[in-house]
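An overview of the molecular structure
Next come the chains, spelled out residue by residue.
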Amino acid sequence: YEAAIEAKDAALDACIEAMEGYLDCNEADCAMCHEHHKMGLRRIGPSAEEMAGKPVKVLQSVIENGAEGSSMPAFHRDVGGPLSDKDVESLVKFIRSVREEK
């Protein structure tokens, strides 16, 4: 019983950590393009809901290195962005957890 509670707590902590990482990034940069259309403005980039089904490696690569031929810049520290490996991992986990509201 205690092991089940510990596992549940660990899962909850991981979820909260992923959400916190997403919110920090979203407030700073992501929402400018990925939530823009939800405010009635011109679409710039896909929403988290639209990206949720993409493979982890694809999301990770685009966040880290940007998307060639688009306005999506690179966000990984290795290429001058603000995000660490852990930040990218948290953001990818969050994106993959989001589902479109029907």
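Preceding block: the structure.
Our subject in this report is the structure included herewith. Just so it is clear, the structure is predicted and the values come from calculations on it, not from any experiment.

Parameters at a glance
- Residues numbered from 1 in each chain as written.
- Predicted model: local features only at pLDDT ≥ 70, side-chain atom pairs only at ≥ 80, totals over all residues.
- Heavy atoms only, no water.
- Core = buried A, V, L, I, M, F, W, Y, C linked by side-chain atoms within 4.5 Å.
- Buried < 20%, exposed > 50% of the residue type's maximum accessible area, 1.4 Å probe, protein only.
- Helix = DSSP H or I, 4+ residues; strand = E, 2+ residues; numbered from the N terminus.
- Contact = heavy atoms within 4.5 Å.
- Salt bridge = Lys/Arg side-chain N within 4 Å of Asp/Glu carboxyl O.
- Axes fitted to C-alpha atoms, helices over the stretch in contact; angles between N-to-C directions.
- Parallel < 35°, antiparallel > 145°, perpendicular 65-115°, else oblique.
- Left-handed = near helix turned anticlockwise from the far one by under 90°.
- Nonpolar A, V, L, I, M, F, W, Y, C, P; charged D, E, K, R; others polar.

Our next topic: the nonpolar core. Core analysis: the biggest nonpolar cluster contains 10 residues, these being Cys30, Met51, Leu59, Ile63, Phe75, Leu83, Val88, Leu91, Val92 and Ile95. The set of elements that each furnish at least two residues to this core consists of α3 (56-65) and α4 (85-97). The element contributing the most residues to this core is α4, with 4 residues. Once you skip the residues sitting within four places of it in the chain, methionine 51 turns out to touch His34, Pro46, Leu59 and Ile95.

Turning our attention to the pattern of salt bridges. Scanning the entire structure with this criterion turns up 1 salt bridge. Between glutamate 89 and lysine 93 there is a salt bridge, with its nearest N and O atoms 3.1 Å apart. Residue glutamate 89 and its partner lysine 93 are both found in helix α4; the two are separated by 4 residues, about one turn of the helix.

Two numbers describe how α3 lies on α4: the axes approach to 10 Å, and their chain directions differ by 130°. In terms of orientation, α3 lies oblique with respect to α4. For the element pair α3 and α4, the recorded crossing hand is right-handed. Between α3 and α4, the residues in contact are Val56, Leu59, Gln60, Ile63 and Glu64 and Asp85, Val88, Leu91, Val92, Ile95 and Arg96, respectively. By residue class, the composition of the contact of α3 with α4 is 7 nonpolar, 1 polar and 3 charged.

Keep in mind these values describe shape, not function.
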